[in-house]
Amino acid sequence: MNQQLSIIKTKIYDKRKLCISNFILEDESEDYDACRFLLNECVIISRNSKITPKKVGQFVTFWKRSSTGPIEPFNYTDNIDFFIVNVTYKDKFGQFVFPKSILLKKGILSTDKKEGKRAFRVYPSWDMPSSKQALKTQQWQLKYFYIINDKTNLEEVNALYS
(Lines give C-alpha, C1' and ligand atoms only; values in the text may rest on other atoms or scores of the structure.)
Protein backbone atom coordinates (compact mmCIF):
# COMPACT_ATOMS: atom_id res chain seq x y z
CA MET A 1 0.00 0.00 0.00
CA ASN A 2 1.40 3.42 -0.93
CA GLN A 3 2.05 6.15 1.63
CA GLN A 4 -0.97 8.30 0.76
CA LEU A 5 -3.40 5.41 0.97
CA SER A 6 -1.81 4.24 4.22
CA ILE A 7 -2.40 7.69 5.76
CA ILE A 8 -6.02 7.70 4.53
CA LYS A 9 -6.52 4.25 6.02
CA THR A 10 -5.29 5.40 9.42
CA LYS A 11 -6.90 8.86 9.51
CA ILE A 12 -10.19 8.09 7.76
CA TYR A 13 -11.04 4.48 6.95
CA ASP A 14 -10.13 2.96 10.33
CA LYS A 15 -12.15 5.63 12.17
CA ARG A 16 -15.21 4.93 9.99
CA LYS A 17 -14.81 1.14 10.17
CA LEU A 18 -14.09 0.98 6.44
CA CYS A 19 -11.90 -2.09 5.92
CA ILE A 20 -9.50 -2.58 3.03
CA SER A 21 -9.26 -6.13 1.69
CA ASN A 22 -8.23 -7.89 -1.54
CA PHE A 23 -5.61 -5.18 -2.13
CA ILE A 24 -3.86 -5.47 -5.54
CA LEU A 25 -1.19 -3.17 -6.97
CA GLU A 26 -1.56 -2.50 -10.69
CA ASP A 27 1.84 -2.65 -12.37
CA GLU A 28 0.86 -0.80 -15.52
CA SER A 29 -0.03 2.49 -13.81
CA GLU A 30 2.50 2.35 -11.04
CA ASP A 31 3.50 5.99 -11.72
CA TYR A 32 0.10 6.83 -10.21
CA ASP A 33 0.35 4.27 -7.38
CA ALA A 34 -2.49 2.43 -9.10
CA CYS A 35 -4.29 -0.17 -7.05
CA ARG A 36 -7.66 -1.78 -6.57
CA PHE A 37 -9.26 -3.13 -3.43
CA LEU A 38 -12.47 -3.77 -1.60
CA LEU A 39 -13.57 -1.17 0.94
CA ASN A 40 -16.02 -3.17 2.95
CA GLU A 41 -18.09 -4.50 0.00
CA CYS A 42 -17.36 -1.66 -2.45
CA VAL A 43 -14.97 -2.24 -5.36
CA ILE A 44 -12.44 0.62 -5.49
CA ILE A 45 -9.96 1.72 -8.15
CA SER A 46 -7.41 4.14 -6.69
CA ARG A 47 -4.84 6.51 -8.18
CA ASN A 48 -2.62 9.29 -6.89
CA SER A 49 -2.71 12.36 -9.09
CA LYS A 50 0.28 14.25 -10.44
CA ILE A 51 0.97 17.96 -10.54
CA THR A 52 1.95 19.12 -14.00
CA PRO A 53 4.13 22.21 -14.48
CA LYS A 54 2.06 24.22 -16.95
CA LYS A 55 -1.59 23.71 -15.97
CA VAL A 56 -3.65 24.24 -12.85
CA GLY A 57 -5.15 21.07 -11.45
CA GLN A 58 -3.72 17.61 -11.14
CA PHE A 59 -3.53 14.90 -13.79
CA VAL A 60 -4.70 11.32 -13.28
CA THR A 61 -5.04 8.29 -15.53
CA PHE A 62 -7.79 5.66 -15.40
CA TRP A 63 -7.42 3.00 -18.06
CA LYS A 64 -7.18 -0.74 -18.50
CA ARG A 65 -5.45 -3.02 -20.95
CA SER A 66 -7.86 -4.44 -23.54
CA SER A 67 -7.92 -8.13 -24.35
CA THR A 68 -6.24 -7.35 -27.69
CA GLY A 69 -3.38 -5.32 -26.17
CA PRO A 70 -3.91 -1.54 -26.39
CA ILE A 71 -5.13 0.53 -23.46
CA GLU A 72 -8.74 1.66 -23.24
CA PRO A 73 -10.91 3.68 -20.85
CA PHE A 74 -12.80 1.86 -18.15
CA ASN A 75 -16.34 0.90 -19.17
CA TYR A 76 -19.52 1.50 -17.23
CA THR A 77 -20.07 -2.27 -17.19
CA ASP A 78 -16.77 -2.88 -15.33
CA ASN A 79 -17.20 -4.15 -11.79
CA ILE A 80 -16.15 -0.95 -10.01
CA ASP A 81 -18.15 1.09 -7.50
CA PHE A 82 -15.86 4.06 -6.85
CA PHE A 83 -12.86 5.67 -8.53
CA ILE A 84 -10.75 7.48 -5.95
CA VAL A 85 -8.06 10.06 -6.60
CA ASN A 86 -5.68 11.05 -3.82
CA VAL A 87 -4.29 14.57 -4.21
CA THR A 88 -1.52 16.46 -2.44
CA TYR A 89 0.10 19.85 -2.72
CA LYS A 90 2.73 20.93 -0.20
CA ASP A 91 0.99 20.42 3.17
CA LYS A 92 -2.49 19.90 1.65
CA PHE A 93 -3.98 16.44 1.26
CA GLY A 94 -7.37 15.31 0.01
CA GLN A 95 -9.35 12.65 -1.78
CA PHE A 96 -11.91 12.60 -4.56
CA VAL A 97 -14.45 9.78 -4.30
CA PHE A 98 -16.15 9.50 -7.67
CA PRO A 99 -19.05 7.06 -7.94
CA LYS A 100 -19.30 5.23 -11.23
CA SER A 101 -22.54 7.05 -12.07
CA ILE A 102 -20.98 10.54 -12.12
CA LEU A 103 -18.04 9.41 -14.28
CA LEU A 104 -20.54 7.94 -16.73
CA LYS A 105 -22.52 11.20 -16.77
CA LYS A 106 -19.35 13.22 -17.38
CA GLY A 107 -18.19 11.02 -20.29
CA ILE A 108 -15.16 9.55 -18.51
CA LEU A 109 -16.41 5.95 -18.63
CA SER A 110 -17.07 4.24 -21.94
CA THR A 111 -20.44 2.91 -23.04
CA ASP A 112 -21.55 0.98 -26.11
CA LYS A 113 -22.24 4.33 -27.80
CA LYS A 114 -19.31 6.51 -26.70
CA GLU A 115 -15.67 6.03 -25.80
CA GLY A 116 -14.63 7.43 -22.44
CA LYS A 117 -11.37 9.06 -21.36
CA ARG A 118 -8.09 7.47 -20.37
CA ALA A 119 -7.06 10.46 -18.24
CA PHE A 120 -8.45 13.71 -16.89
CA ARG A 121 -7.68 16.59 -14.53
CA VAL A 122 -8.95 17.01 -11.02
CA TYR A 123 -9.21 20.36 -9.28
CA PRO A 124 -9.02 20.20 -5.47
CA SER A 125 -10.50 23.04 -3.44
CA TRP A 126 -7.13 24.76 -3.04
CA ASP A 127 -6.65 25.10 -6.83
CA MET A 128 -7.82 28.31 -8.47
CA PRO A 129 -8.43 27.56 -12.15
CA SER A 130 -8.97 30.52 -14.45
CA SER A 131 -10.53 28.94 -17.53
CA LYS A 132 -14.31 28.62 -17.65
CA GLN A 133 -14.12 24.91 -18.47
CA ALA A 134 -11.76 24.17 -15.56
CA LEU A 135 -13.98 26.15 -13.16
CA LYS A 136 -17.04 24.24 -14.37
CA THR A 137 -15.20 20.95 -13.91
CA GLN A 138 -14.03 21.94 -10.43
CA GLN A 139 -17.61 22.82 -9.43
CA TRP A 140 -18.95 19.33 -10.07
CA GLN A 141 -15.81 17.59 -8.80
CA LEU A 142 -15.85 19.33 -5.40
CA LYS A 143 -19.12 17.57 -4.55
CA TYR A 144 -17.00 14.39 -4.38
CA PHE A 145 -13.98 15.81 -2.56
CA TYR A 146 -12.85 16.13 1.03
CA ILE A 147 -9.71 17.50 2.66
CA ILE A 148 -7.85 15.13 4.94
CA ASN A 149 -6.72 16.75 8.18
CA ASP A 150 -7.60 16.72 11.87
CA LYS A 151 -10.89 18.51 11.13
CA THR A 152 -12.17 16.13 8.43
CA ASN A 153 -15.92 15.63 8.76
CA LEU A 154 -16.11 11.84 8.90
CA GLU A 155 -19.88 11.84 8.34
CA GLU A 156 -19.30 13.59 4.98
CA VAL A 157 -16.76 10.90 4.11
CA ASN A 158 -19.34 8.21 4.92
CA ALA A 159 -21.85 9.93 2.66
CA LEU A 160 -19.37 9.93 -0.25
CA TYR A 161 -18.88 6.17 0.08
CA SER A 162 -22.56 5.30 0.36
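This text goes with the structure placed above it.
All of these numbers come straight from a predicted model, not from anything done at the bench. (Residues numbered from 1 in each chain as written. Predicted model: local features only at pLDDT ≥ 70, side-chain atom pairs only at ≥ 80, totals over all residues. Heavy atoms only, no water.)

## Thoughts on the overall build of the chain
Consideration 1: Helix and strand counts for the chain stand at four helices and 11 strands.
Consideration 2: Taken over the C-alpha trace, the chain has a radius of gyration of 15 Å; the compact-globule value for 162 residues is 15 Å, and the two agree within 12%.
Consideration 3: Projected onto its principal axes, the C-alpha positions of the chain cover 45 × 40 × 25 Å.
Consideration 4: In the chain, buried positions account for 47% of the 162 residues.
Consideration 5: Taking the intrachain contacts of the chain between residues at least 6 apart in sequence as the baseline, contacts between residues at least 24 apart amount to 53%. (Helix = DSSP H or I, 4+ residues; strand = E, 2+ residues; numbered from the N terminus. Rg over C-alpha atoms; globule rule 2.2 N^0.38 Å. Buried < 20%, exposed > 50% of the residue type's maximum accessible area, 1.4 Å probe, protein only. Contact = heavy atoms within 4.5 Å.)

## Things to note about the nonpolar core
Consideration 1: If you look at the biggest cluster of nonpolar residues, it comprises 39 residues, and the most contacted ones within it are Y13, F37, F83, F98 and Y161.
Consideration 2: A per-element tally of this core places strand β8 (residues 82–89) first, with five residues.
Consideration 3: The contact partners of Y13, leaving out residues within four places of it in the chain, are L5, I8, L18, I20, F37, L39, I84, Q95 and Y161. (Core = buried A, V, L, I, M, F, W, Y, C linked by side-chain atoms within 4.5 Å.)

## Looking at the environment of T61
Consideration 1: Mapped onto the secondary structure, T61 falls in strand β5 (residues 58–61).
Consideration 2: Between the C-alpha atoms of T61 and S29, which are 32 residues apart in sequence, the distance is 7.9 Å.
Consideration 3: Those residues within four positions of T61 in sequence are excluded, and the remaining contacts are S29, Y32, R47, R118 and A119.

## A few points about the side chain of R47
Consideration 1: Along the chain, R47 falls in strand β3 (residues 42–48).
Consideration 2: Classification of R47 as buried rests on a relative accessible area of 0%.
Consideration 3: A polar side-chain atom of R47 sits 3.0 Å from a polar atom in the side chain of E26. (Polar contact = N/O pair within 3.5 Å; in protein donor to acceptor, adjacent residues only side chain to side chain.)

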